[in-house]
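An overview of the molecular structure
Listed here are the chains, written in short residue letters.
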Amino acid sequence: MRDGVSRNWLWVGRTKRSIVLDLDTADGDDAATFRSLVAAADVLIENLDRRTRERWRCSYDELAAVNPRLVAVSVSCYGMSGPYADRPAPGP
């Protein structure tokens, strides 16, 4: 750590900007911010399980309604169907 930031992030996050959003908040401000980012994005990469996508209203159909040209990549360790499809993917 250096000044409260991991050295790994200093390398990996170099030239990147980041924000933290809590899509579970009741006021919806973070959800509105997320939607505005989706509207301006070219690509969205996520590793959410199906229940979280539903709770946060982040299915491809819902996001494509905000941005029809959006390319969404869903990363899953267990696939989108099958006996383990609802298990969350590991990692932060």
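Residues numbered from 1 in each chain as written. Predicted model: local features only at pLDDT ≥ 70, side-chain atom pairs only at ≥ 80, totals over all residues. Heavy atoms only, no water.

Looking at the pairing of strand β1 (residues 43-46)
Put simply, the test is: Note on exposure labels: buried denotes an accessible area under 20% of the residue type's maximum, exposed denotes more than 50%, and partly exposed covers the range between, all computed with a 1.4 Å probe on protein chains only. A run of DSSP states H or I qualifies as a helix once it reaches four residues; a run of E qualifies as a strand once it reaches two. Both are numbered from the N-terminal end. A pair of strands is labelled paired if DSSP reports no fewer than 2 bridges between them.
Covered by surrounding structure in β1 are L44 and E46 only, the residues V43 and I45 on the alternate face being uncovered. Pairing of β1 with strand β2 (residues 71-74), which is carried by four bridges, proceeds in the parallel orientation. Bridge assignment links I45 to a residue of β2, and that residue is V73.

Brief notes about a nonpolar patch on the surface
Note the following rule: For patch building, the residue pool is restricted to those with more than 30% relative accessible area and no salt bridge; the joining distance is 9 Å between like charges and 5 Å between nonpolar side chains (Val, Leu, Ile, Met, Phe, Trp, Tyr). All accessible areas in this document rest on Shrake-Rupley with a 1.4 Å probe, and a residue is counted as covered only by the protein chains that are shown. A pairing counts as a salt bridge when a side-chain nitrogen of Lys or Arg comes within 4 Å of a carboxyl oxygen of Asp or Glu.
Where nonpolar side chains cluster on the molecular surface, the patch consists of V43, I45, V71, V73 and V75 and spans about 420 Å² of accessible area. Among the elements of the structure, β1 and β2 are those that each provide at least two residues to the nonpolar patch. Here V73 shows up in strand β2. A residue is classified by how much of its surface remains accessible, and V73, at 36% relative accessible area, is partly exposed.

A short note on the pattern of salt bridges
Enumeration over the complete set of coordinates arrives at five salt bridges. Between R51 and D49 there is a salt bridge, with its nearest N and O atoms 4.0 Å apart. Overall, the relative accessible area of 14% leaves D49 in the buried class. Residue R50 pairs with D86 through a salt bridge whose shortest N-O separation is 2.9 Å. Placement of the pair is R50 in helix α3 (residues 50-55) and D86 in the segment after β2, with a sequence separation of 36 residues. Take D86: its relative accessible area is 29%, and that puts it in the partly exposed class. One connected set of salt bridges, linked through shared partners, spans R50, E54 and D86.

Considering the environment of S74
What counts is decided by this rule: Whenever a nitrogen or oxygen atom comes within 3.5 Å of another N or O atom, the pair is scored as a polar contact, on the condition that within protein one atom can donate a hydrogen and the other can accept it, and that pairs from neighbouring residues in sequence are kept only if both atoms are in side chains.
Summarising the element assignment, S74 is placed in strand β2. Here S74 falls in the partly exposed class, since its relative accessible area comes to 34%. Within the local environment of S74, its side chain forms a polar contact with the side chain of E46, the two groups lying 3.0 Å apart.

Section: helix α2 (residues 29-40)
Selection criterion: In a helix, the anticipated span is given by 1.5 Å times the number of residues less one. Arc definition: it is the arc formed by the directions from the helix axis to the C-beta atoms. Only heavy atoms matter for contacts: two residues are in contact if any of them lie within 4.5 Å across the pair.
When the terminal C-alpha atoms of α2 are compared, their 17 Å separation across 12 residues agrees well with the 16 Å that a helix rising 1.5 Å per residue should span. Of all the residues in α2, the buried ones are F34, R35 and V38. Projected onto a plane normal to the axis of α2, the buried residues spread over an arc of 100 degrees and lie on a single side. Those residues of α2 that are exposed and angled more than 90 degrees off the buried face are D29 and A40. Residues of α2 that are buried in the fold lie against β1 and α4 (60-66).

Looking at the side chain of D49
Topologically, D49 is positioned in the loop between β1 and α3. At a separation of 3.1 Å, a polar atom in the side chain of D49 contacts the main-chain amide nitrogen of R51. Leaving out residues up to four positions away in the same chain, D49 has contacts with D86, R87 and P88.

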